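# Examining the three-dimensional arrangement
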Amino acid sequence: MNAIILSALLGVVLMFTGIFTTNKSTIRTVATAGLLLLLLANIAEMNGWKLFEVNTRNMLVFNKFGLLFNTIAFSATLLYFLLSARDILKVGINGAEYFALIFFILCGVSIVSSFNTLLLLFLGIEIISIPLYILTGSDKRNLKSNEAALKYFLMGSFSTGIMLMGIVLMYGAKGTFSIDAALQASNPGREVWYTSGLLLLFISMAFKVSAAPFHFWTPDVYDGAPTVFTSFMATIVKAGVFIAFVRLFEYSFSGSGYDWKLIVSIVTAATLFIGNITAIFQQSVKRMLAYSSIAQAGFMLFALFSYNTLSREGIILYTLGYSLATIGIFAVLVKMKDYTFEGFNGLARTQPVLAATTTIFLLSLAGIPMTIGFFAKYFMLASAVKSGSHLWLVFFAILCAVVSVYYYFRVIQSMYFKDGAGATEEISPAFRWILLLMAGLIILFGIFPNMILNYLYF
Amino acid sequence: MVPVLLILIPLLTGVALFAIRQEATAKSIAFFSTLVSLAVMLAGMSVWKDAAHLSFNQPWIGALNSHFHLELDGMSQLLCLLTTLCFPLIIYSTWNNTYVDANRFFGLMLLAQAGLLGVFMAMDAMLFYFFWELALIPLYFLCSRWGGEKRIQVTIKFFIYTFLGSLFMLIGLIMLYFKAGGSFAWADFVKLSLTGREEMTIFILLVVAFAVKMPLFPFHTWQPDTYEQSPTAVTMILSAIMAKMGVFGLLRWLAPVVPAATYQWGDNFATLAVVGMLYASFVAIKQDDLKRLVAWSSIAHIGLMILALFAPSYSGIQGIMIQMFNHGINILGMWIVVNVIEQQFGTRKISELGGLAQKAPILTILLVIIALANIAMPLTNAFIGEFMMFNGIWGSTATKFGMVYAIAGIITIILSAVYTLRMVQNVFYGPTNERTEKAVDIRFNVQLALAILVVGIILIGIYPKPLLSMTTEISQQILDRMNLK
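Here the structure is a predicted model, which means the values were calculated and not measured.

## So, the overall build of chain A
Regarding its fold elements, chain A presents 20 helices and zero strands. The globule rule puts the C-alpha radius of gyration for 458 residues at 23 Å, and the 21 Å found for chain A is close to it. C-alpha extents for chain A along the principal axes are approximately 70 × 55 × 45 Å. The contacts of chain A with a sequence gap of at least 6 include a subset with a gap of at least 24, amounting to 82%. For chain A, the centre of its 28 positive side-chain charges and the centre of its 19 negative side-chain charges are spaced 2 Å apart.

Encoded structure:
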């Protein structure tokens, strides 16, 4: 509860900051301090220290899983602010509003990580989506940004409609929005409503996490949006929606699980295939990352495919590893003058720290041991092996992971083994240190994943 | 304690080297670090021989019940000794090679050493996989950064090949983990009794990774290109040590873990090994590039070890063990010679060289001994290993075709004499040409490095018992698991 209320309040505070000052460093400081406060408040709640006592009538449930995810999301956002706050302010003149919108999104993220009724799921997803439409179009004079925003908005509202339809059907079948109650209520004769409702929910959520075949918006939107916001969209937001997805299907409807395995496995395979194969052919690193985020979503879908403790631990590690690495790469990308692979040529000469840390981020995305990306993939694959059925999917995922090495390593090849200018904007020492910190975290958690997982149990 | 030191020394030095800018200092530090590792290893085999010093076991990832378990048993000792011995020799014998960013070069070399030593000592499957990849990443960077002209394409091919194999292995290890009731310990793996189908699946998953690493025909296509394109110091690591990772994997993680499937698939893989040996030998005869020649000859020699494993017997397995060590030092000697030639003449083409014996007698004497070891002449170390393997293959009770395999294998020994002696003849004898006219003999560092190897070759050739006695226990254990004698 701490997180939901504070993030909404902080959003309002940031909006007012925008009225009273246009000083960029003030805005930045307020935003960063606010986020730190939010993170601390959430950690306080993890330790049982509640700032607000609200009777949610069981519409929200704050368990360790959700709170741990909140902590991860807020920490990732904090790092994102530290790396990219200056670049956020460069996007347009409404600096404070961008930060305010990000806080509102975080509010949505903390709702979807703790919802216990379909209504709040819907609210959370909408609170996430609407600020995102605005952020996507925030580069007002850029046609591509406008196009992306419009596309995202139209497709997004369409998927919202589908979600509502699904919720309605499920309500019709069970007579309640509450997930606990719906699991107990049995309403013979309306099974079809329930199943089709669930399918519609699945489709709309799959759209939000850009799972194939509902992924077509992703490359255009990620490419068109200002790069700083793409970074946020592709990491924290996506992870948040994934947590909602997992909560919805893994815990709430695990009873009807088996029928879903085939559908989920087909969607997973399609997502892995399309994401990885298309990423190979990209010339722009930004677009490659968009497809890679589809591919990574394919791995995260394993958490839906196999429901057990391993997948629960895995999705936490995956969101953490994926967010850290992707935020890092995007932060470097924002600083590049040229977004193509050639633009990275010779970066190791001009900016050795950037090149080295980007290499670690890429290795983590590729799932090489010693990085958290490895354990993320490990838990996903192990959970699927444990669940025992559809082993073909595991092998398919392996092949895709090998394909992903090709395009991730292309960036490494450009940076280290090819000559070029590697032109970047000016890099501040603080930026380098944050990157090094993130790379250090990736390796630290890559050797001791227990440091994260223990929070789930103790 | 010894295992931890063996990992930490190269790991920490390797990381520290990235911060040291002076190239000469970096090289000296790297060399010193490898010497310290060697000293620790030797101490572990003599002074600190008790189990408490040779084993290290701490819980690592609680959620997975994975332990940081390193242990130096006989087979590990043999391979760690090979690794710690080869590294100083590699650095010392290539002392005069110059590299851009030498500190990074040596840093990565040491990181690779840490990974390799870890692979040989890990007794926990998760840890094993960790080190398996940790050894690969530095080598990827070494080959792509300091290699020849086509290095980038060649190295990514190498990486993707091995990474695919590794991931299959990972799935195999995950399956074993669940079958063993949530444990990654090797000791639990070798107690499992699986159904035939399960063993079959796991066998296939594991064997791919090892087959790519060794490499086994038809998974070998990355190897000649990578050996050719890599800087020679790295090629030395790849062939002298990394190829042993695959053989080691077969002996530690495959045969004792899924014995029935190993037995069942034995003939198929033995046939592949034989085909690969013959094929590689014929290709080697046709090579004009020294590096490619040694690369193909390496495939043929490793093929014999694979054959001896899939047509197992006590003598054969013991032969593989000692031959892993022998092949490591022999091929290292060959590479040192290749490196000397390349550094001096700027070419590796056999057709462009000739008559070196007149100009460089010391090099020639040392090389000829190494070449004789390469074709397994009696009194050299390889004779012991290969004789034991042939003996084992011929008499193996696991296969009906032992005799056929042995005869086919012996043909490859003849072929190895053809290509090795042809190389010696064309490069070192005959008339000199304008390129080799001004040749000078090798420097002291190369002399010393080669001399150490030659002494090793002859000593093991005459008295192999110390090495053989190290591995009796594990060889027996593998055979017991396979219900063979």
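## Section: the overall build of chain B
Helix and strand counts for chain B come out as 21 helices and two strands. On C-alpha atoms alone, chain B measures out to a radius of gyration of 21 Å, which is about the 23 Å that the 2.2 N^0.38 rule sets for 485 residues. Judged by the C-alpha coordinates and their principal axes, chain B covers about 70 × 55 × 45 Å. Here chain B holds 485 residues, and the buried ones make up 66% of them. Considering only intrachain contacts with a sequence separation of at least 6, the fraction spanning at least 24 residues in chain B is 83%.

## Quick word on helix H17 (residues 372-387) of chain A
Each full turn of the α-helix corresponds to 3.6 residues, which orients residues three or four apart in the same direction. Residue and element names in this part refer to chain A. In a regular helix each residue adds 1.5 Å, so 16 residues correspond to 22 Å; H17 covers 23 Å between its end C-alpha atoms and thus fits that length. The buried fraction of H17 is high, at 14 of 16 residues. Just beyond H17, the residue with positive phi is Gly388, at close to 90°.

## Re the environment of Leu164 of chain A
As for its position among the elements, Leu164 of chain A is in helix H6 (residues 143-174). With 33 residues separating them along the chain, Leu164 of chain A and Gly197 of chain A place their C-alpha atoms 9.1 Å apart.

## Quick word on empty space enclosed by the protein
Residue and element names in this part refer to chain A. Under the definition given, this model contains nine cavities of 30 Å³ or more. Of the volumes computed, that of the largest cavity is approximately 100 Å³. Looking at the lining of the largest cavity, the elements with two or more residues in it are helix H5 (118-136), helix H9 (217-224) and helix H10 (227-252).

## Observations concerning the packing of helix H16 (residues 352-366) of chain A against H17 of chain A
Residues and elements named next belong to chain A. Following both chains from N to C, one finds H16 and H17 inclined at 10°, their axes separated by 6 Å at the closest point. Taken together, the axis directions place H16 and H17 in an arrangement best described as roughly parallel. Of the residues in H17, those touching H16 at Ser364, Leu365 and Ala366 are Ile372, Gly373, Phe374 and Lys377. When the residues that make up the contact of H16 with H17 are grouped by side-chain class, the tally is four nonpolar, two polar and one charged.

## Quick word on the interface of chain A and chain B
Across the boundary between the two partners, chain A contributes 38 residues, which contact 34 residues of chain B. Carbon and sulfur atoms supply 83% of the area buried between chain A and chain B, which totals about 3,200 Å² over both sides. It is Tyr378, Val402 and Phe417 of chain A that lose the most area in chain A upon contact with chain B, and together they represent 20% of the buried surface on that side. Our count for the contact surface shared by chain A and chain B stands at one salt bridge. Between Arg349 of chain A and Asp101 of chain B there is a salt bridge, with the nearest N and O atoms lying 3.4 Å from each other.

## Some thoughts on the pattern of salt bridges
Taken as a whole and judged by the stated rule, the model has 18 salt bridges over all chains. When the shortest N-O distance is used, the salt bridge between Asp87 of chain A and Lys90 of chain A registers 3.6 Å. Placement of both Asp87 of chain A and Lys90 of chain A in helix H3 (residues 64-91) is noted, with a separation of three residues, approximately one turn of the helix. Of the charged contacts, one joins Asp289 of chain B and Arg348 of chain B as a salt bridge, the two residues approaching to 3.2 Å between their closest N and O atoms.

## What about the side chain of Thr162 of chain B?
Residue and element names in this part refer to chain B. Among the structural elements, Thr162 can be located in helix H7 (residues 151-179). Note on Thr162: relative accessible area 3%, which makes it buried. Here Phe159 takes part through its backbone oxygen, which lies 3.0 Å from a polar atom of the side chain of Thr162. If we skip the residues at most four places from it in the chain, Thr162 touches Leu136, Val212 and Lys213.

## Describing the layout of surface pockets
If you roll a probe as big as a water molecule over the atoms, it shows you where there is empty space left. If you add up the space inside the largest pocket, you get close to 1,500 Å³. As for the largest pocket, its lining consists of 45 residues, and the residues nearest its centre are Ile360 and Ile443 of chain A together with Val15, Phe18 and Leu111 of chain B. Looking at which element gives the most residues to the lining of the largest pocket, the answer is helix H6 (residues 125-146) of chain B, with nine residues. Looking at the lining of the largest pocket residue by residue, the classes come out as 36 nonpolar, five polar and four charged. Approximately 480 Å³ is the volume attributed to the second largest pocket. If you go around the second largest pocket, you meet 23 residues; those closest to its centre are Leu68, Thr71, Ser75, Ile452 and Tyr455 of chain A. Counting residues per element, the ones that place at least two in the lining of the second largest pocket are helix H2 (24-46), H3, helix H14 (309-335), helix H19 (429-447) and helix H20 (450-457) of chain A. In terms of residue class, the lining of the second largest pocket is made up of 16 nonpolar, five polar and two charged. When residues of the lining of the second largest pocket are sorted by domain, at least three fall in each of domain 1 (1-147 + 215-250) and domain 2 (253-458) of chain A.

## Some details on the domain arrangement of chain A
Where interface size is quoted, it is often the accessible area lost as the parts come together. Residue and element names in this part refer to chain A. According to the domain assignment, chain A consists of domain 1 (1-147 + 215-250) and domain 2 (253-458). Contacts between domain 1 and domain 2 engage 38 residues on the former and 45 residues on the latter. For the pair domain 1 and domain 2, the summed buried area comes to about 3,800 Å², and 75% of that belongs to carbon and sulfur atoms. Joining domain 1 to domain 2, the criterion identifies four salt bridges. The tally of links between domain 1 and domain 2 comes to nine residue pairs in polar contact (both at pLDDT 80 or more). With 16 residues, the single largest contributor to the side of domain 1 that touches domain 2 is H10.

## As for the pairing of strand E2 (residues 66-71) of chain B
Residue and element names in this part refer to chain B. The pairing of strand E1 (residues 55-61) with E2 spans six bridges and is antiparallel. Across the sheet, residue Gln58 finds its bridge partner in E2, namely Phe68. Remark: four residues form the turn of the hairpin made by E1 and E2, two consecutive strands paired antiparallel; Asn65 in that turn has positive phi of roughly 55°.

## Re the packing of aromatic side chains
Residue and element names in this part refer to chain B. Per the stated rule, a full pass over the model turns up 67 aromatic pairs over all chains. With 5.5 Å between their ring centres and 85° between their planes, Phe203 and Phe269 make a pair best called edge-to-face. Here Phe269 lies in helix H12 (residues 259-286) and Phe203 lies in helix H9 (residues 196-213), a separation of 66 residues in the sequence. Of the two residues, Phe203 and Phe269, both sit in the buried class.

## Considering the packing of helix H11 (residues 232-254) of chain B against helix H13 (residues 290-310) of chain B
Residues and elements named next belong to chain B. With their axes 11 Å apart at the nearest point, H11 and H13 run at an angle of 10° to one another. Looking at the two axes, H11 sits roughly parallel to H13. Residues Thr232, Thr235, Ala243, Lys244, Val247, Leu250, Leu251 and Leu254 of H11 pack against Lys291, Ile302, Met305, Leu309 and Phe310 of H13. Here the contact of H11 with H13 is built from residues that sort into nine nonpolar, two polar and two charged.

## Digging into a nonpolar patch on the surface
Where nonpolar side chains cluster on the molecular surface, the patch consists of Leu150, Phe153, Leu154, Met155 and Phe216 of chain A and spans about 510 Å² of accessible area. When you line up the elements, Met155 of chain A lands in helix H6.

## Brief notes about unusual backbone geometry
With an omega of -5°, the peptide bond running from Met214 of chain B to Pro215 of chain B counts as cis. Mapped onto the elements of the fold, Pro215 of chain B is located in the loop between H9 and helix H10 (222-229). Across the junction of Phe217 of chain B and Pro218 of chain B, the peptide omega takes the value 0°, indicating a cis bond. Here Pro218 of chain B is to be found in the loop between H9 and H10. One non-glycine residue, Arg57 of chain A, adopts positive backbone phi at about 50°. The topology assignment puts Arg57 of chain A in the loop between H2 and H3.

Rules used throughout
Residues numbered from 1 in each chain as written. Chains lettered and ligands numbered in written order. Predicted model: local features only at pLDDT ≥ 70, side-chain atom pairs only at ≥ 80, totals over all residues. Heavy atoms only, no water. Helix = DSSP H or I, 4+ residues; strand = E, 2+ residues; numbered from the N terminus. Rg over C-alpha atoms; globule rule 2.2 N^0.38 Å. Contact = heavy atoms within 4.5 Å. Lys, Arg positive; Asp, Glu negative; His and termini not counted. Charge placed at Lys NZ, Arg CZ, Asp CG, Glu CD. Buried < 20%, exposed > 50% of the residue type's maximum accessible area, 1.4 Å probe, protein only. Expected span 1.5 Å × (residues − 1). 1 Å grid on protein atoms, 1.4 Å probe; cavity = no way out; pocket = protein on both sides within 12 Å on 5 of 7 lines; lining within 4 Å. Points joined across faces, edges and corners; volume = space filled by probe spheres on them. Axes fitted to C-alpha atoms, helices over the stretch in contact; angles between N-to-C directions. Parallel < 35°, antiparallel > 145°, perpendicular 65-115°, else oblique. Nonpolar A, V, L, I, M, F, W, Y, C, P; charged D, E, K, R; others polar. Buried area = accessible area lost by both parts, 1.4 Å probe. Salt bridge = Lys/Arg side-chain N within 4 Å of Asp/Glu carboxyl O. Polar contact = N/O pair within 3.5 Å; in protein donor to acceptor, adjacent residues only side chain to side chain. Domains from an automatic or database assignment. Pairing = 2+ DSSP bridges. Phe/Tyr/Trp six-rings, centres within 6.5 Å; stacked < 30°, edge-to-face > 60°. Patch = residues over 30% accessible without salt bridge, like charges linked within 9 Å, V, L, I, M, F, W, Y side chains within 5 Å. Areas by Shrake-Rupley, 256 points an atom, 1.4 Å probe, with all protein chains shown as cover.

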